[in-house]
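Chains, contacts and geometry: an overview
Here are the chains, one letter per residue:
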Amino acid sequence: MASSSKANLTEEEDDEEEEFEHFDDFTLASSWERFISEIEATCRQWLADGPKNLLEKGAVHLDSSNNIYKVKSALKNASKIYSMEYYFEINNNGKIADWNCTLHDLQICFGVKEFLVISPQSGSGVVLDAPEASKLLSSVAIALSNCSSLWPAFVPVHDPSRKAFIGIQNMGTVFTRRFEADRIGSQVPIKFMHLEGLYELFVSKFAYSTLDHSMHIFKVHLIMKLTYRTLPNDDNDNDIPEADAENAESEALAGSDNRNRKHWDDDCPWSEWYSAEDPVKGFDLVTTWSEKVVESSLEMAEMENASPHEAEKWILTPNLSPNLDSSKGDRIGFASQMQLLVNALAMSFEAQFMEDFVSVENPGSDNLKSSMVIPPPTVLDCVLKDLFHEGLQFPDFAKGKHNSSQAIKGAPVDSLFSQFCLHSLWFGNCNIRAIAVLWIEFVREIRWCWEESQPLPKMPANGSIDLATCLINQKLQMLAICIEKKRELNEEFQDCIGSNDAEFAHMEEDIQVGESTSFHAQSQGFDGKHDSPLTPEGFNESKTVLSKFSTNSQDAHSADKSPSDSIRRGSAGPVGSMKLLKSCQSLHAPFTQNAPLMTEDMHEERLRAVEAFGDSFNFSAQLERETLSSDMAAFKAANPDAVFEDFIRWHSPGDWENDGSEANCLSKSLAEGIKDDWPPRGRLSQRMSGDGNLWRKIWNDAPILPAYDQKPLLDPNREGEKILHYLETVRPHQLLEQMVCTAFRASADTLNQTNFGSLKLMTTKMDQLYLTMASTLRPLQVKPLSENSETIEDLRRLCVVLEHVEKLLTLAASLHRKFLQAPSIYEAIFSDYYNFYLQTTGMGSADVDVQKDFDMKLQLRLKERQVVSNMFTPPVANQSWRKVLSMGNVLNGHEPILREIIFSKRDSTSGSHYAVSSPRGYQQEIETYRMYICGTSNDLRVALSVTSYD
């Protein structure tokens, strides 16, 4: 018995120990209590960490705000999992602004700062069951109360499209604030479309329901914000005024493509080549009314009729195209086409001649045909017609020219080759086959102009060759001059034949009537050039006047004749007081032929010849023999008594060593006659006086002929054929290299003609573009490009730079024309976007945080309001977008697209039922009711917060 009783006691003790070891904490017995405990632990951890530590632990920044972050934690209650998010700000001091555009939606609705949102992890993310929502909110409220937190907490309820929430907040004393928000997505009651009805809706939340709200006074605080939006540009284009309707119809019947519609950039310089999307889609105008106290619904009715000009602030927000800062590369412009031209340059090394890209015998032509399309002949004919039949004969090459444009070795923007390059950018999507076809036909048209002696369009037919341009432009400029010279020779030839025919017919008539007339007599009036006789000073004027025909045959021997038997021809006038060495007559400068025109490759050929034969004086003279002989012949005609030394004194003064006596002679009066010190004492330089001097030999062989009787130094037929041969056989990569340089320069010069006002940032950007182009394109001008050169990648990067400038320039042009009367507005908008664009493209400062979206808010001054108001053009009756006005506060016939109102009622803690539970000394005014209303005539959202004491 003893042993059995002892055993029983041992078993009882073990049971007591087992019960003690498995003690149950009945405060956490249920899953709901454990759920509250888990919420409390998470909140305590967030409170302990604070904003800075939460950032270090990976708090997520909200895209819609610059200063709001959130952390998230997953919580489990029974079989459901919830997500609890804590939203906080870095700087959370001070009162939250009502109309701060960077606020979170719940901050605007309820006027809170940091807050919690707890929601189920489901597809909808909302709590559809009302008891569950209440229980969930109660759990968060208990947890926050346990950890002495004042954070408001919200639970999303109902359907997600309603954006409905319920919430609660412990105010830290005896007060509790409850929140509720909901939305009507359609069929808004007419009463709530007007301010009067919205006012009564707010009053109904605290006034007795049996009262007539319109007949009682309730002091309600009110602030209001109205948002207006200009019509989209496309809508403006569709609205054709009635006065122009008949014209539009007649143009449509006549086959006109215009149809009386005008694109925004029709007068911009790039519109000839492409139509750009307007980067400014419109503007949002936000008008805000300062806080005022309203006491009746009648005051609200009056406020609804108030003009937006009475608002305290006007804030303008531009709505820019999403393609403006897009990096997808789908924008059409000069930059996009230049990318294709650079690709064509990379492929140009695959063939020896341009014909190979279109020839059926080329082995690679099948691949080219399959991937590269050539436009139809009608398109080709239109391009050639624009280039050769409708172009300006005398273009203004200074048009749109930038100071740094000359550093790019291309062609002027209005020149023939430059226009060809610009056309090639859009011809067949700028593939190598299309360029080859266009080039072959282009050269054929040039040959036709040459063979028919027709002026070359868009090229000057006079002046000198501009060696700062590309070689093809130099060739075309020289060809234009050759065509003009060829035409002049043909006209002279035809005139000569016509004169001889007329003269022969006249002589036959004279023979028939028995009269004889000398050929000399008939030719007296033929010569249009009047040569002045040589009149030595101090001698009598010769009366002998010889005709042009009678003197030409004796020019070679006239140097030996006396002054009375010779005349000056082709004189441009005396050269100061210089005298001839032999006769003391005035030394006359002759009219001379211009030096023969030479392109860059001709100059290089001469330089190579000089380098090959050394720096020989006689060899240099041999190269210039034709020009030197022409000048000597003209000098002899203008100075019949001249000797070789006189020519040297005029043509090359450095080769005449003068002892100064000539200067003394020139200073004396001509009336004193010839003195004993004449001729001046001087001598030729050593190189001119040496034996076998080529200059003297050329002088001795030179005839006495004025410039107008000489054979032209430029042979237009020979030079023209050489130019055409070059154009027909130019290597593809050489052609494409010059096309790339010219197309870049022409694109920049075209864009540089854009009128963007006084935007210094844009001017600086254009200057930088030209400098970047010059440095990037310089390798193409220095040496031939190789097939795998790194320059190709540099050119592709240059296309990206051009695209950036093109986008900014388009924006600058659009803003400038919209705010001509208020330049400060477009300057402020462009400056802000310019800085944003630099950051988004990686070109700005690394110390500045990058904005993801451009969201500028520009507060307008009073004098700027009218300019913006004029952008809201009054609607006309036949416009399809016109709606029935229902909300009031109309701006030029436009009602607001969004109306936001905050009603609030404030009560003092003393002298009211709120004072019953207020601690002693706690006497202040609290916001007991607050209602945020947002919407239009088709959409209404209401958020209510009510403060109560428990």
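All values reported here derive from a predicted model rather than from experimental measurement. (Residues numbered from 1 in each chain as written. Predicted model: local features only at pLDDT ≥ 70, side-chain atom pairs only at ≥ 80, totals over all residues. Heavy atoms only, no water.)

**Brief notes about the overall build of the protein**
Broken down by element type, the protein carries 29 helices and 18 strands. Per-residue burial for the protein yields a buried fraction of 45% across its 950 residues. Of the contacts formed within the protein by residues at least 6 apart in sequence, a portion of 72% connects residues at least 24 apart. (Helix = DSSP H or I, 4+ residues; strand = E, 2+ residues; numbered from the N terminus. Buried < 20%, exposed > 50% of the residue type's maximum accessible area, 1.4 Å probe, protein only. Contact = heavy atoms within 4.5 Å.)

**Quick word on the nonpolar core**
Counting 156 residues, the largest nonpolar core has Phe417, Trp439 and Phe903 as the members making the most contacts within it. When neighbours within four sequence positions are excluded, phenylalanine 417 is seen to be in contact with Ala411, Trp439, Cys470, Ile472, Leu476, Leu735, Gln738, Met739 and Thr742. One finds Tyr82, Trp151, Ala153 and Val155 within the second-largest nonpolar core, a separate group that totals 30 residues. (Core = buried A, V, L, I, M, F, W, Y, C linked by side-chain atoms within 4.5 Å.)

**Description of the environment of isoleucine 90**
The residue isoleucine 90 is located in the loop between β3 (80-89) and α3 (105-110) in this model. The exposure class of isoleucine 90 is partly exposed, given its relative accessible area of 32%. Along the sequence, isoleucine 90 and proline 51 sit 39 residues apart, while their C-alpha atoms lie 6.2 Å from each other. Sequence-distant contacts of isoleucine 90, that is, excluding residues within four places in its chain, are made with Leu55, Asn67 and Tyr69.

**Concerning the pairing of strand β18 (residues 939-949)**
Examined bridge by bridge, strand β7 (residues 175-184) and β18 share 10 bridges and lie antiparallel to one another. Across the sheet, residue phenylalanine 179 finds its bridge partner in β18, namely serine 945. From the end of strand β17 (residues 925-936) to the start of β18, which pair antiparallel, there are two residues. (Pairing = 2+ DSSP bridges.)

**Topic: the pairing of strand β12 (residues 586-590)**
In summary, the side chains of a regular strand alternate between the two faces of the sheet. For β12, the buried fraction is high: five of the five residues fall into the buried class. Alternating positions in β12 separate into two faces, Ser586, His588 and Pro590 on one and Leu587 and Ala589 on the other, with burial throughout. Here strand β11 (residues 571-579) runs beside β12; their pairing, made up of three bridges, is antiparallel. Its bridge partner lying in β12, serine 571 is registered against proline 590. Counted along the chain from β11 to the antiparallel partner β12, the turn is six residues long, and its residue cysteine 584 has a positive phi close to 60°.

**Re the packing of helix α27 (residues 791-818) against helix α28 (residues 823-840)**
One can describe the packing of α27 onto α28 by two numbers: an axis separation of 10 Å at closest approach and a directional angle of 160°. In terms of orientation, α27 and α28 fall into the roughly antiparallel class. In terms of crossing hand, the pair formed by α27 and α28 is right-handed. In this structure, α27 uses His804, Lys807, Leu808, Leu811, Ala812, Leu815 and His816 to contact α28, whose residues at the interface are Tyr826, Ile829, Phe830, Tyr833, Tyr834 and Tyr837. Classifying every residue of the contact of α27 with α28 gives 10 nonpolar, two polar and one charged. (Axes fitted to C-alpha atoms, helices over the stretch in contact; angles between N-to-C directions. Parallel < 35°, antiparallel > 145°, perpendicular 65-115°, else oblique. Left-handed = near helix turned anticlockwise from the far one by under 90°. Nonpolar A, V, L, I, M, F, W, Y, C, P; charged D, E, K, R; others polar.)

**Details of the side chain of asparagine 889**
Structurally, asparagine 889 can be placed in the loop between α29 (862-869) and β16 (898-908). On the basis of relative accessible area, asparagine 889 is assigned to the buried category, the value being 2%. Polar contacts involving the side chain of asparagine 889 include one to the main-chain carbonyl oxygen of methionine 303, which spans 3.0 Å. In this view, asparagine 889 contacts Leu195, Met224, Leu226, Tyr228, Met303, Glu304, Ala306, Pro308, His894 and Pro896; residues no more than four positions away in its chain are not counted. (Polar contact = N/O pair within 3.5 Å; in protein donor to acceptor, adjacent residues only side chain to side chain.)

**Considering helix α24 (residues 716-729)**
With 14 residues, α24 should reach 20 Å at 1.5 Å per residue; the first-to-last C-alpha distance of 20 Å fits that figure. All of the buried residues in α24 are Pro716, Glu719, Gly720, Ile723, Leu724, Tyr726 and Leu727. Buried residues in α24, looked at end-on, bunch into an arc of 155°, giving them a common side. (Expected span 1.5 Å × (residues − 1). Arc of directions from axis to C-beta.)

**Here we look at unusual backbone geometry**
Positive phi outside glycine occurs at asparagine 429, with the angle close to 60°. Tracing the backbone through its elements, the reader meets asparagine 429 in the loop between α12 (416-426) and α13 (432-451). Take asparagine 429: its relative accessible area is 51%, and that puts it in the exposed class. The backbone of cysteine 584 sits at a positive phi, close to 60°, despite the residue not being glycine. Along the chain, the position of cysteine 584 falls in the loop between β11 and β12. For cysteine 584, a relative accessible area of 16% gives the class buried.

**Quick look at the pattern of salt bridges**
Once their charged atoms are close, side chains differing in charge can pair, the charge on each being opposite to the other. For the structure shown, the criterion picks out 37 salt bridges. The residue glutamate 719 makes a salt bridge to arginine 718 at a minimum N-O spacing of 3.6 Å. By relative accessible area, glutamate 719 is classed as buried at 6%. When its relative accessible area of 45% is taken as the criterion, arginine 718 is described as partly exposed. In this structure, lysine 807 engages glutamate 803 in a salt bridge whose closest nitrogen and oxygen atoms are separated by 3.7 Å. Linking lysine 807 with glutamate 803, this pair stays in helix α27, spanning four residues, or about one helical turn. Taking the relative accessible area as the measure of exposure, lysine 807 reaches 3% and is therefore buried. Each of Arg447, Glu451, Glu721 and Glu728 takes part in one network of salt bridges that share partners. (Salt bridge = Lys/Arg side-chain N within 4 Å of Asp/Glu carboxyl O.)

**Description of the environment of aspartate 749**
By secondary structure assignment, the location of aspartate 749 is in helix α25 (residues 732-752). Linking aspartate 749 and proline 269, residues 480 residues apart in sequence, is a C-alpha distance of 9.5 Å. Within the structure, the side chain of aspartate 749 is placed 2.5 Å from the side chain of tyrosine 770, a separation counted as a polar contact.

**Here we look at α25**
An ideal rise of 1.5 Å per residue puts 30 Å on 21 residues; α25 measures up with 30 Å between its terminal C-alpha atoms. When you tally the buried positions in α25, you get 19 out of 21 residues, the bulk of the element.

**Notes on the packing of aromatic side chains**
Taken as a whole, this structure holds 37 aromatic pairs when the rule is applied. On the numbers, 5.7 Å between centres and 35° between planes, the contact of phenylalanine 647 with tryptophan 699 is tilted. A residue pair is termed long-range when its members are at least 10 positions apart, and phenylalanine 647 in helix α20 (residues 644-651) and tryptophan 699 in helix α23 (residues 694-701) qualify at 52 residues. Classification of tryptophan 699 by relative accessible area gives buried; the value is 7%. Taking the centre distance of 5.8 Å and the plane angle of 35° together, the rings of tyrosine 833 and tyrosine 837 count as tilted. With tyrosine 833 and tyrosine 837 both in helix α28 and four residues apart, this pair spans about one turn of that helix. Take tyrosine 837: its relative accessible area is 2%, and that puts it in the buried class. Connected via pairs of aromatic rings, a cluster forms that spans Tyr199, Phe202, Phe206, Phe218, Phe903 and Tyr929. We note lysine 475 situated over the ring of tyrosine 726; from NZ or CZ to the ring centre the distance is 5.2 Å. Over the ring of phenylalanine 206 we find lysine 905, and its NZ or CZ is 5.2 Å from the ring centre. (Phe/Tyr/Trp six-rings, centres within 6.5 Å; stacked < 30°, edge-to-face > 60°. Lys NZ or Arg CZ within 6 Å of the ring centre and 35° of its normal.)

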